[in-house]
Amino acid sequence: MHTVENVQSAIDYVEEQLAEQLSLEEISRAAAMSVPNLYRLFYAMTGHPIKEYIRKRRTSEAACLLRQTNLPSIEIGFRCGFDTNQTFIKTFKRNTGLTPGLYRKAEVIYSFERIRLHERFSYLEEREISERYPDVKVISLSPQKGIGYLHVADREERLEEEAYIQFQSILSESNIDSSQMRLFGWNVDLEGSKPSFGYQMMAVSPEKKVRFVEHTDLQPIELSGGTYAITWTPMDSSPKIVNAWNRLLSEWLPLSTFELGGHGFLEEYQQFNGRISRLKLYLPVRRSQEKETIEILVLKPLRVMRFRAEGVNCVSRADEAAIKWLTRNGFIGDNRLKVFMSSSYGSPSDDSSMYEICITLLEGFVPSREEEHRVTYMEGGLYACLTTRSLGSMDGVLERIYRWLGTSYEYEADEERSWFTHYILDESVEEWEAGSLEKLVSVKCCVPIVLRNLKQGD
(Lines give C-alpha, C1' and ligand atoms only; values in the text may rest on other atoms or scores of the structure.)
Protein backbone atom coordinates (compact mmCIF):
# COMPACT_ATOMS: atom_id res chain seq x y z
CA MET A 1 0.00 0.00 0.00
CA HIS A 2 1.30 3.49 -0.89
CA THR A 3 2.13 5.77 2.06
CA VAL A 4 -0.51 8.36 1.11
CA GLU A 5 -3.07 5.56 1.02
CA ASN A 6 -1.87 4.29 4.42
CA VAL A 7 -2.44 7.66 6.05
CA GLN A 8 -5.75 8.12 4.25
CA SER A 9 -6.81 4.73 5.62
CA ALA A 10 -6.00 6.01 9.11
CA ILE A 11 -8.08 9.15 8.47
CA ASP A 12 -10.99 7.11 7.10
CA TYR A 13 -10.92 4.79 10.13
CA VAL A 14 -10.90 7.77 12.51
CA GLU A 15 -13.86 9.33 10.71
CA GLU A 16 -15.84 6.08 10.83
CA GLN A 17 -15.17 5.65 14.56
CA LEU A 18 -15.11 9.33 15.57
CA ALA A 19 -17.90 8.94 18.12
CA GLU A 20 -16.26 5.85 19.65
CA GLN A 21 -13.24 5.46 21.90
CA LEU A 22 -10.24 5.31 19.57
CA SER A 23 -6.89 3.72 20.35
CA LEU A 24 -3.70 4.36 18.40
CA GLU A 25 -3.14 0.63 18.11
CA GLU A 26 -6.49 0.18 16.33
CA ILE A 27 -5.80 3.09 13.98
CA SER A 28 -2.29 1.83 13.17
CA ARG A 29 -3.65 -1.62 12.33
CA ALA A 30 -6.22 -0.06 9.99
CA ALA A 31 -3.39 1.86 8.31
CA ALA A 32 -1.05 -1.18 8.19
CA MET A 33 1.78 0.58 10.02
CA SER A 34 3.31 0.72 13.48
CA VAL A 35 2.24 3.33 16.04
CA PRO A 36 5.56 5.29 15.83
CA ASN A 37 5.29 5.34 12.03
CA LEU A 38 1.66 6.44 12.33
CA TYR A 39 2.75 9.40 14.47
CA ARG A 40 5.45 10.46 12.00
CA LEU A 41 3.66 9.95 8.70
CA PHE A 42 0.26 11.24 9.82
CA TYR A 43 1.90 14.48 10.99
CA ALA A 44 4.00 14.76 7.82
CA MET A 45 1.03 14.21 5.48
CA THR A 46 -1.62 16.26 7.31
CA GLY A 47 0.31 18.82 9.34
CA HIS A 48 -1.51 17.74 12.52
CA PRO A 49 -0.51 15.27 15.26
CA ILE A 50 -3.04 12.43 15.07
CA LYS A 51 -4.43 12.98 18.58
CA GLU A 52 -4.89 16.68 17.84
CA TYR A 53 -6.64 15.84 14.55
CA ILE A 54 -9.14 13.66 16.43
CA ARG A 55 -9.81 16.36 19.04
CA LYS A 56 -10.33 19.07 16.39
CA ARG A 57 -12.64 16.88 14.29
CA ARG A 58 -14.73 16.01 17.35
CA THR A 59 -14.86 19.70 18.29
CA SER A 60 -15.97 20.60 14.76
CA GLU A 61 -18.76 18.01 14.80
CA ALA A 62 -19.88 19.22 18.22
CA ALA A 63 -19.91 22.83 16.97
CA CYS A 64 -22.31 21.83 14.18
CA LEU A 65 -24.66 20.07 16.61
CA LEU A 66 -24.63 23.02 19.00
CA ARG A 67 -25.85 25.31 16.20
CA GLN A 68 -28.23 22.93 14.41
CA THR A 69 -29.92 21.13 17.33
CA ASN A 70 -31.33 21.85 20.77
CA LEU A 71 -29.60 18.87 22.34
CA PRO A 72 -28.01 19.50 25.76
CA SER A 73 -24.28 20.19 25.43
CA ILE A 74 -23.41 17.27 27.70
CA GLU A 75 -25.22 14.88 25.32
CA ILE A 76 -23.50 16.44 22.31
CA GLY A 77 -20.13 15.89 23.95
CA PHE A 78 -20.80 12.19 24.45
CA ARG A 79 -22.23 11.84 20.92
CA CYS A 80 -19.02 13.29 19.48
CA GLY A 81 -16.70 10.90 21.31
CA PHE A 82 -15.65 12.83 24.43
CA ASP A 83 -15.43 10.50 27.41
CA THR A 84 -16.44 13.11 30.05
CA ASN A 85 -18.26 16.44 30.05
CA GLN A 86 -15.22 18.11 31.63
CA THR A 87 -12.99 16.88 28.78
CA PHE A 88 -15.53 18.13 26.23
CA ILE A 89 -15.72 21.63 27.74
CA LYS A 90 -11.94 21.91 28.13
CA THR A 91 -11.17 20.71 24.59
CA PHE A 92 -13.94 22.78 23.01
CA LYS A 93 -12.77 25.98 24.73
CA ARG A 94 -9.13 25.36 23.79
CA ASN A 95 -10.03 24.97 20.11
CA THR A 96 -12.72 27.66 19.79
CA GLY A 97 -11.95 30.07 22.63
CA LEU A 98 -15.50 29.63 23.95
CA THR A 99 -17.40 27.21 26.17
CA PRO A 100 -20.11 25.16 24.39
CA GLY A 101 -22.80 27.32 25.97
CA LEU A 102 -21.24 30.61 24.86
CA TYR A 103 -20.49 29.23 21.38
CA ARG A 104 -24.18 28.46 20.91
CA LYS A 105 -24.98 32.18 21.36
CA ALA A 106 -21.96 33.64 19.56
CA GLU A 107 -21.67 34.57 15.88
CA VAL A 108 -18.26 32.97 15.32
CA ILE A 109 -18.00 29.72 13.39
CA TYR A 110 -15.52 26.94 14.16
CA SER A 111 -14.91 24.46 11.36
CA PHE A 112 -12.23 21.81 11.00
CA GLU A 113 -13.03 19.73 7.95
CA ARG A 114 -12.12 16.13 7.27
CA ILE A 115 -8.83 15.88 5.38
CA ARG A 116 -8.77 14.15 2.01
CA LEU A 117 -5.16 13.77 1.03
CA HIS A 118 -5.65 13.21 -2.69
CA GLU A 119 -7.66 16.43 -2.99
CA ARG A 120 -5.19 18.29 -0.81
CA PHE A 121 -2.16 17.37 -2.90
CA SER A 122 -3.83 18.79 -5.99
CA TYR A 123 -3.36 22.32 -4.64
CA LEU A 124 -0.30 24.39 -5.42
CA GLU A 125 2.21 24.63 -2.59
CA GLU A 126 1.64 28.38 -2.16
CA ARG A 127 -2.09 27.87 -1.58
CA GLU A 128 -1.57 24.97 0.79
CA ILE A 129 0.98 26.87 2.87
CA SER A 130 -1.21 29.99 3.05
CA GLU A 131 -4.15 27.87 4.23
CA ARG A 132 -2.05 26.08 6.82
CA TYR A 133 -0.32 29.23 8.10
CA PRO A 134 -2.95 31.97 7.68
CA ASP A 135 -1.26 34.11 10.34
CA VAL A 136 2.07 34.26 8.46
CA LYS A 137 2.48 37.06 5.92
CA VAL A 138 5.43 38.17 3.81
CA ILE A 139 5.98 41.91 3.72
CA SER A 140 8.55 44.45 2.58
CA LEU A 141 9.60 46.63 5.53
CA SER A 142 10.78 50.07 4.39
CA PRO A 143 13.95 51.62 5.91
CA GLN A 144 13.29 53.17 9.33
CA LYS A 145 14.95 56.02 11.23
CA GLY A 146 14.44 56.55 14.93
CA ILE A 147 15.88 56.82 18.42
CA GLY A 148 17.89 53.90 19.75
CA TYR A 149 18.92 52.47 23.11
CA LEU A 150 21.32 49.53 23.54
CA HIS A 151 20.66 47.50 26.67
CA VAL A 152 23.50 45.29 27.91
CA ALA A 153 23.52 42.61 30.61
CA ASP A 154 25.63 39.78 32.02
CA ARG A 155 22.86 37.22 31.50
CA GLU A 156 20.41 36.42 28.72
CA GLU A 157 17.43 35.70 30.96
CA ARG A 158 14.76 38.44 30.77
CA LEU A 159 17.07 40.52 28.54
CA GLU A 160 14.30 41.71 26.19
CA GLU A 161 11.86 42.51 29.00
CA GLU A 162 14.43 44.53 30.92
CA ALA A 163 15.49 46.37 27.76
CA TYR A 164 11.90 47.39 27.03
CA ILE A 165 11.27 48.60 30.60
CA GLN A 166 14.49 50.62 30.69
CA PHE A 167 13.86 52.10 27.23
CA GLN A 168 10.37 53.22 28.25
CA SER A 169 11.79 54.80 31.39
CA ILE A 170 14.43 56.75 29.43
CA LEU A 171 11.87 57.94 26.87
CA SER A 172 9.58 59.10 29.68
CA GLU A 173 12.47 61.01 31.33
CA SER A 174 13.11 62.69 27.98
CA ASN A 175 9.43 63.74 27.65
CA ILE A 176 8.87 61.44 24.67
CA ASP A 177 5.43 59.82 24.39
CA SER A 178 6.10 56.31 23.07
CA SER A 179 2.42 55.32 22.89
CA GLN A 180 2.18 56.67 19.35
CA MET A 181 5.54 55.27 18.21
CA ARG A 182 6.57 51.96 16.70
CA LEU A 183 8.95 50.08 19.00
CA PHE A 184 11.40 47.58 17.51
CA GLY A 185 14.01 45.39 19.15
CA TRP A 186 16.69 42.91 18.14
CA ASN A 187 19.51 40.95 19.73
CA VAL A 188 23.08 42.22 19.39
CA ASP A 189 26.10 39.92 19.66
CA LEU A 190 28.61 41.35 22.12
CA GLU A 191 30.88 38.30 22.15
CA GLY A 192 34.27 39.02 23.64
CA SER A 193 33.10 42.01 25.66
CA LYS A 194 31.72 42.50 29.15
CA PRO A 195 28.71 42.50 29.58
CA SER A 196 28.27 39.91 26.87
CA PHE A 197 24.54 40.17 26.01
CA GLY A 198 22.91 43.08 24.20
CA TYR A 199 19.44 44.02 22.98
CA GLN A 200 18.91 47.03 20.73
CA MET A 201 15.67 49.00 21.12
CA MET A 202 14.41 51.53 18.56
CA ALA A 203 11.48 53.97 18.59
CA VAL A 204 10.10 55.28 15.28
CA SER A 205 7.64 58.19 15.18
CA PRO A 206 4.66 58.10 12.79
CA GLU A 207 6.15 61.08 10.95
CA LYS A 208 9.40 59.10 10.55
CA LYS A 209 11.38 62.04 11.88
CA VAL A 210 14.24 61.51 14.28
CA ARG A 211 13.84 63.85 17.23
CA PHE A 212 17.16 64.89 18.72
CA VAL A 213 17.25 64.17 22.43
CA GLU A 214 20.11 64.99 24.79
CA HIS A 215 20.45 61.79 26.77
CA THR A 216 23.61 59.75 27.21
CA ASP A 217 21.82 56.42 26.54
CA LEU A 218 19.91 57.52 23.41
CA GLN A 219 21.26 57.94 19.90
CA PRO A 220 19.86 58.23 16.37
CA ILE A 221 19.63 54.85 14.66
CA GLU A 222 18.66 53.46 11.27
CA LEU A 223 17.09 50.16 10.26
CA SER A 224 17.73 49.09 6.67
CA GLY A 225 14.44 47.20 6.24
CA GLY A 226 13.96 44.32 3.78
CA THR A 227 11.69 41.37 3.08
CA TYR A 228 10.26 39.63 6.16
CA ALA A 229 7.87 36.84 7.03
CA ILE A 230 5.82 38.10 9.96
CA THR A 231 3.49 36.65 12.57
CA TRP A 232 2.11 37.68 15.96
CA THR A 233 2.29 36.16 19.43
CA PRO A 234 0.89 37.17 22.85
CA MET A 235 3.42 38.92 25.08
CA ASP A 236 2.53 36.83 28.12
CA SER A 237 5.20 34.15 28.31
CA SER A 238 8.67 33.37 26.97
CA PRO A 239 7.75 29.79 25.89
CA LYS A 240 4.97 31.13 23.63
CA ILE A 241 7.39 33.58 22.01
CA VAL A 242 10.00 30.85 21.49
CA ASN A 243 7.34 28.55 19.99
CA ALA A 244 6.19 31.30 17.62
CA TRP A 245 9.76 31.89 16.40
CA ASN A 246 10.26 28.15 15.98
CA ARG A 247 7.03 27.88 13.99
CA LEU A 248 8.29 30.53 11.57
CA LEU A 249 11.86 29.31 11.28
CA SER A 250 11.50 25.54 11.56
CA GLU A 251 8.03 24.84 10.14
CA TRP A 252 6.89 27.58 7.75
CA LEU A 253 10.24 28.48 6.16
CA PRO A 254 11.31 25.01 4.92
CA LEU A 255 7.89 24.50 3.32
CA SER A 256 7.70 27.94 1.71
CA THR A 257 9.25 29.31 -1.50
CA PHE A 258 11.59 31.47 0.60
CA GLU A 259 14.93 31.00 2.32
CA LEU A 260 16.58 32.77 5.25
CA GLY A 261 17.70 36.29 4.36
CA GLY A 262 20.91 38.02 5.36
CA HIS A 263 19.27 40.91 7.25
CA GLY A 264 18.53 40.62 10.95
CA PHE A 265 15.69 39.15 13.02
CA LEU A 266 13.33 41.78 14.47
CA GLU A 267 10.63 42.05 17.10
CA GLU A 268 8.02 44.82 17.22
CA TYR A 269 6.27 45.63 20.49
CA GLN A 270 2.62 46.49 19.90
CA GLN A 271 1.01 48.55 22.66
CA PHE A 272 -2.54 48.94 23.92
CA ASN A 273 -3.55 51.25 26.80
CA GLY A 274 0.09 51.79 27.74
CA ARG A 275 0.96 48.09 27.91
CA ILE A 276 2.39 45.64 25.40
CA SER A 277 -0.47 43.56 24.04
CA ARG A 278 1.43 41.37 21.60
CA LEU A 279 4.74 40.88 19.85
CA LYS A 280 5.15 41.00 16.09
CA LEU A 281 7.96 38.74 14.86
CA TYR A 282 9.97 39.53 11.72
CA LEU A 283 11.86 36.64 10.09
CA PRO A 284 14.29 37.88 7.38
CA VAL A 285 13.65 36.04 4.10
CA ARG A 286 14.39 36.18 0.40
CA ARG A 287 13.08 34.28 -2.58
CA SER A 288 14.77 30.88 -2.81
CA GLN A 289 17.46 30.94 -5.45
CA GLU A 290 17.14 27.20 -5.75
CA LYS A 291 15.20 24.68 -3.72
CA GLU A 292 17.34 22.31 -1.67
CA THR A 293 17.23 18.81 -3.09
CA ILE A 294 16.89 15.53 -1.24
CA GLU A 295 19.93 13.26 -1.59
CA ILE A 296 20.07 9.50 -1.11
CA LEU A 297 23.26 8.69 0.80
CA VAL A 298 24.89 5.66 2.39
CA LEU A 299 26.21 6.71 5.81
CA LYS A 300 28.73 4.86 7.96
CA PRO A 301 28.09 3.91 11.60
CA LEU A 302 29.55 6.35 14.13
CA ARG A 303 30.70 5.78 17.72
CA VAL A 304 29.13 8.52 19.83
CA MET A 305 28.41 9.75 23.32
CA ARG A 306 24.63 10.00 23.69
CA PHE A 307 22.71 12.40 25.94
CA ARG A 308 19.02 11.54 26.00
CA ALA A 309 16.15 13.01 27.99
CA GLU A 310 12.40 12.37 27.97
CA GLY A 311 9.31 14.23 29.14
CA VAL A 312 8.92 17.85 30.17
CA ASN A 313 11.97 20.11 29.55
CA CYS A 314 13.76 17.25 27.79
CA VAL A 315 15.58 19.66 25.43
CA SER A 316 17.18 21.75 28.17
CA ARG A 317 18.08 18.67 30.23
CA ALA A 318 19.83 16.94 27.31
CA ASP A 319 21.63 20.17 26.36
CA GLU A 320 22.80 20.69 29.92
CA ALA A 321 24.17 17.14 30.20
CA ALA A 322 26.03 17.46 26.87
CA ILE A 323 27.58 20.82 27.80
CA LYS A 324 28.72 19.48 31.17
CA TRP A 325 30.44 16.54 29.44
CA LEU A 326 32.12 18.79 26.86
CA THR A 327 33.33 21.15 29.57
CA ARG A 328 34.55 18.37 31.86
CA ASN A 329 36.64 16.85 29.07
CA GLY A 330 37.95 20.11 27.62
CA PHE A 331 36.08 19.73 24.30
CA ILE A 332 34.36 23.14 24.21
CA GLY A 333 35.19 24.70 20.83
CA ASP A 334 36.84 21.55 19.46
CA ASN A 335 35.86 21.48 15.76
CA ARG A 336 36.93 17.82 15.42
CA LEU A 337 33.73 16.74 17.15
CA LYS A 338 30.55 16.22 15.17
CA VAL A 339 27.21 17.02 16.81
CA PHE A 340 23.94 15.26 15.96
CA MET A 341 20.41 15.78 17.27
CA SER A 342 17.21 13.76 17.19
CA SER A 343 13.80 14.10 18.85
CA SER A 344 10.26 12.77 18.82
CA TYR A 345 8.41 13.87 15.68
CA GLY A 346 4.66 13.90 15.21
CA SER A 347 4.04 13.38 18.93
CA PRO A 348 2.50 15.96 21.28
CA SER A 349 4.87 18.02 23.46
CA ASP A 350 4.13 16.27 26.73
CA ASP A 351 5.52 13.49 28.90
CA SER A 352 6.08 11.33 25.80
CA SER A 353 8.51 13.83 24.22
CA MET A 354 12.11 12.75 23.61
CA TYR A 355 15.25 14.70 22.72
CA GLU A 356 18.80 13.45 22.36
CA ILE A 357 22.22 14.80 21.40
CA CYS A 358 24.98 12.56 20.07
CA ILE A 359 28.62 13.70 19.91
CA THR A 360 31.27 11.72 18.04
CA LEU A 361 34.15 10.36 20.10
CA LEU A 362 37.71 11.14 19.04
CA GLU A 363 39.98 8.23 18.22
CA GLY A 364 41.74 7.04 21.35
CA PHE A 365 39.31 8.71 23.75
CA VAL A 366 38.49 6.47 26.71
CA PRO A 367 35.33 7.41 28.61
CA SER A 368 35.25 7.19 32.38
CA ARG A 369 33.45 4.32 34.07
CA GLU A 370 30.59 6.68 34.94
CA GLU A 371 30.25 7.66 31.26
CA GLU A 372 30.43 4.20 29.68
CA HIS A 373 26.64 3.78 29.61
CA ARG A 374 26.38 6.76 27.26
CA VAL A 375 28.64 5.27 24.58
CA THR A 376 26.71 3.86 21.63
CA TYR A 377 26.70 3.68 17.84
CA MET A 378 24.61 5.71 15.42
CA GLU A 379 23.45 3.24 12.82
CA GLY A 380 24.70 3.53 9.26
CA GLY A 381 22.87 2.58 6.09
CA LEU A 382 20.67 4.27 3.50
CA TYR A 383 19.31 7.75 4.31
CA ALA A 384 17.28 10.47 2.56
CA CYS A 385 19.14 13.69 3.40
CA LEU A 386 18.27 17.36 3.02
CA THR A 387 20.82 20.07 3.82
CA THR A 388 19.40 23.46 4.78
CA ARG A 389 20.10 26.65 6.71
CA SER A 390 16.94 26.19 8.74
CA LEU A 391 17.40 25.86 12.49
CA GLY A 392 15.11 24.89 15.36
CA SER A 393 13.01 21.76 15.71
CA MET A 394 13.35 20.60 12.04
CA ASP A 395 9.60 19.89 11.77
CA GLY A 396 9.28 21.57 8.38
CA VAL A 397 12.39 19.87 6.96
CA LEU A 398 11.26 16.46 8.20
CA GLU A 399 7.83 17.03 6.71
CA ARG A 400 9.38 17.72 3.30
CA ILE A 401 11.37 14.47 3.44
CA TYR A 402 8.47 12.33 4.69
CA ARG A 403 6.12 13.82 2.11
CA TRP A 404 8.66 13.07 -0.61
CA LEU A 405 8.95 9.50 0.67
CA GLY A 406 5.15 9.29 0.70
CA THR A 407 5.10 9.84 -3.05
CA SER A 408 8.20 7.75 -3.84
CA TYR A 409 7.76 4.35 -5.46
CA GLU A 410 11.40 3.44 -4.83
CA TYR A 411 12.01 4.30 -1.17
CA GLU A 412 10.12 4.32 2.11
CA ALA A 413 10.97 5.27 5.69
CA ASP A 414 12.74 2.62 7.79
CA GLU A 415 11.04 2.67 11.19
CA GLU A 416 13.72 0.41 12.70
CA ARG A 417 16.22 3.31 12.76
CA SER A 418 15.97 6.90 13.98
CA TRP A 419 16.22 10.13 11.99
CA PHE A 420 18.85 12.69 13.00
CA THR A 421 20.32 16.03 12.03
CA HIS A 422 24.02 16.87 11.70
CA TYR A 423 25.01 20.45 12.53
CA ILE A 424 27.77 21.70 10.20
CA LEU A 425 29.89 24.80 10.90
CA ASP A 426 31.28 26.70 7.89
CA GLU A 427 34.99 26.51 8.71
CA SER A 428 35.88 28.90 5.87
CA VAL A 429 34.59 31.82 7.95
CA GLU A 430 37.39 33.06 10.19
CA GLU A 431 35.39 35.35 12.48
CA TRP A 432 31.83 35.27 13.68
CA GLU A 433 29.91 38.44 12.95
CA ALA A 434 27.15 39.74 15.19
CA GLY A 435 24.03 37.63 14.78
CA SER A 436 25.67 35.45 12.15
CA LEU A 437 24.91 31.99 13.57
CA GLU A 438 22.27 31.26 10.93
CA LYS A 439 24.78 32.13 8.18
CA LEU A 440 27.56 29.95 9.61
CA VAL A 441 25.64 26.81 10.56
CA SER A 442 23.81 24.49 8.20
CA VAL A 443 22.09 21.25 9.10
CA LYS A 444 21.83 17.98 7.25
CA CYS A 445 18.58 16.25 8.16
CA CYS A 446 18.75 12.49 7.57
CA VAL A 447 15.79 10.08 7.55
CA PRO A 448 16.57 6.33 7.39
CA ILE A 449 15.07 4.61 4.36
CA VAL A 450 14.89 1.23 2.65
CA LEU A 451 14.13 0.18 -0.89
CA ARG A 452 10.44 -0.64 -1.15
CA ASN A 453 10.96 -3.84 -3.14
CA LEU A 454 13.53 -5.13 -0.63
CA LYS A 455 11.22 -4.57 2.33
CA GLN A 456 8.15 -5.94 0.62
CA GLY A 457 9.94 -8.88 -0.97
CA ASP A 458 8.86 -7.98 -4.51
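For clarity, every value in this text was computed on a predicted model and none was experimentally measured.

Visitor: Please give an account of the overall build of the chain that cites residues and values.
Guide: Helices and strands together make up the secondary structure of the chain, namely 15 helices and 18 strands. When the 458 residues of the chain are sorted by exposure, 46% land in the buried category. Pairs at least 24 apart in sequence give 74% of the contacts found in the chain among residues at least 6 apart. Of the roughly 24600 Å² of accessible surface on the chain, a fraction of 50% belongs to carbon and sulfur atoms.

Visitor: Residues and numbers for the nonpolar core, please.
Guide: In terms of nonpolar packing, the biggest core is built from 67 residues, with Trp-325, Tyr-402 and Trp-419 touching the most fellow members. With seven residues, helix 3 (residues 35–46) is the single largest residue contributor to this core. Residues in contact with Trp-325, not counting those within four places in the same chain, are Met-305, Phe-307, Phe-331, Ile-359, Leu-361, Phe-365 and Glu-371. The next biggest cluster of nonpolar side chains, apart from the first, holds 36 residues, and it includes Val-136, Ala-244, Leu-249 and Ile-276.

Visitor: Explain the environment of Glu-160 to me, using residue names and the numbers behind them.
Guide: Mapped onto the fold, Glu-160 is located in helix 10 (residues 159–173). Owing to a relative accessible area of 25%, Glu-160 belongs among the partly exposed residues under this scheme. Residues Glu-160 and Gly-198, 38 residues apart in the sequence, show an inter-C-alpha distance of 8.9 Å. Residues in contact with Glu-160, not counting those within four places in the same chain, are Asn-187, Tyr-199, Glu-267 and Tyr-269.

Visitor: An account of the pairing of strand 13 (residues 354–360) is requested, with residue identities and associated values reported.
Guide: A large share of strand 13 lies buried, amounting to seven of its seven residues. Along strand 13, one buried face is formed by Met-354, Glu-356, Cys-358 and Thr-360 and the opposite face, lined by Tyr-355, Ile-357 and Ile-359, is buried too. Two strands pair when backbone bridges link them, and strand 11 (residues 302–310) and strand 13 are joined in this way by seven bridges, in the antiparallel orientation. Residue pairing across strands places Ala-309 opposite Tyr-355, the latter belonging to strand 13. Sheet analysis places strand 12 (residues 339–343) next to strand 13, joined by five bridges and oriented antiparallel.

Visitor: Tell me about the packing of helix 3 against helix 13 (residues 395–406), and name the residues and values.
Guide: Angle between the axes and distance between the axes: these two values describe a pair of packed helices. Contact geometry of helix 3 with helix 13 gives a least axis separation of 8 Å together with a crossing angle of 95°. Accordingly, the angle class assigned to the pair helix 3 and helix 13 is roughly perpendicular. Between helix 3 and helix 13, the contacting residues are Arg-40, Leu-41, Tyr-43, Ala-44 and Met-45 on the first element and Asp-395, Glu-399, Tyr-402, Arg-403 and Gly-406 on the second.

Visitor: Report on the pattern of salt bridges, specifying residues and quantitative values.
Guide: Taken as a whole, this structure holds 20 salt bridges when the rule is applied. Residue Arg-247 pairs with Asp-135 through a salt bridge whose shortest N-O separation is 2.8 Å. With Arg-247 in helix 11 (residues 238–255) and Asp-135 in the loop between helix 9 (125–132) and strand 1 (137–141), this residue pair connects regions lying 112 residues apart in the sequence. The shortest N-O distance in the salt bridge between Arg-403 and Glu-399 comes to 3.3 Å.

Visitor: Break down the confidence of the model for the chain for me, with residues and values.
Guide: Put simply, the chain has an average pLDDT of 84, and 87% of its residues get 70 or more. For the chain, the element scoring lowest by mean pLDDT is helix 14 (residues 437–440), at 54; strand 10 (residues 295–299) scores highest, at 95. Considering only residues more than four positions removed or in separate chains, one finds that residues 121–125, a stretch of pLDDT under 50, has six contacts. pLDDT under 50 marks residues 429–437. Its contacts with residues more than four places away, or in other chains, come to eight contacts.

Visitor: Describe the side chain of Glu-356, with residues and values.
Guide: Note that Glu-356 resides in strand 13. Glu-356 sits in the buried class, given a relative accessible area of 11%. Among the polar contacts listed, one links the side chain of Glu-356 to the side chain of Arg-308, at a separation of 3.2 Å. Among all residues touching Glu-356, those that are not within four sequence positions of it are Arg-306, Phe-307, Arg-308, Phe-340, Met-341 and Ser-342.

Visitor: Quick rundown of unusual backbone geometry? Include the residues and the values.
Guide: At Arg-158, a residue that is not glycine, the phi angle is positive and equals roughly 60°. On the secondary structure map, Arg-158 appears in the loop between strand 2 (144–153) and helix 10. At Asn-175, a residue that is not glycine, the phi angle is positive and equals roughly 60°. Of note, Asn-175 is situated in the loop between helix 10 and strand 3 (182–189).

Visitor: Run through the packing of aromatic side chains, naming residues and quoting values.
Guide: Counted by the stated rule, this structure contains 20 aromatic pairs. A ring pair is formed by Phe-42 and Tyr-53, whose centres lie 5.5 Å apart and whose planes are at 70°; its orientation type is edge-to-face. With a gap of 11 residues between them, Phe-42 in helix 3 and Tyr-53 in helix 4 (residues 50–68) connect regions that are remote in the sequence. Like Tyr-53, Phe-42 is buried. Measuring from ring centre to ring centre gives 5.5 Å for Trp-245 and Phe-265, while their planes differ by 55°; the resulting arrangement is tilted. Within this pair, whereas Trp-245 is found in helix 11, its partner Phe-265 is found in the loop between strand 7 (258–260) and strand 8 (266–272), the two being separated by 20 residues in sequence. Residue Trp-245 is classed as buried on the basis of its relative accessible area, which comes to 16%. Put simply, the rings of Phe-82, Phe-88, Phe-92 and Tyr-103 touch in pairs and so form one group of aromatic residues. One residue, Arg-67, lies across the ring of Tyr-103, its end atom 4.2 Å from the ring centre. We note Arg-417 situated over the ring of Tyr-383; from NZ or CZ to the ring centre the distance is 4.8 Å.

Definitions and cut-offs
- Residues numbered from 1 in each chain as written.
- Predicted model: local features only at pLDDT ≥ 70, side-chain atom pairs only at ≥ 80, totals over all residues.
- Heavy atoms only, no water.
- Helix = DSSP H or I, 4+ residues; strand = E, 2+ residues; numbered from the N terminus.
- Buried < 20%, exposed > 50% of the residue type's maximum accessible area, 1.4 Å probe, protein only.
- Contact = heavy atoms within 4.5 Å.
- Areas by Shrake-Rupley, 256 points an atom, 1.4 Å probe, with all protein chains shown as cover.
- Core = buried A, V, L, I, M, F, W, Y, C linked by side-chain atoms within 4.5 Å.
- Pairing = 2+ DSSP bridges.
- Axes fitted to C-alpha atoms, helices over the stretch in contact; angles between N-to-C directions.
- Parallel < 35°, antiparallel > 145°, perpendicular 65-115°, else oblique.
- Salt bridge = Lys/Arg side-chain N within 4 Å of Asp/Glu carboxyl O.
- pLDDT = per-residue confidence, 0-100.
- Polar contact = N/O pair within 3.5 Å; in protein donor to acceptor, adjacent residues only side chain to side chain.
- Phe/Tyr/Trp six-rings, centres within 6.5 Å; stacked < 30°, edge-to-face > 60°.
- Lys NZ or Arg CZ within 6 Å of the ring centre and 35° of its normal.

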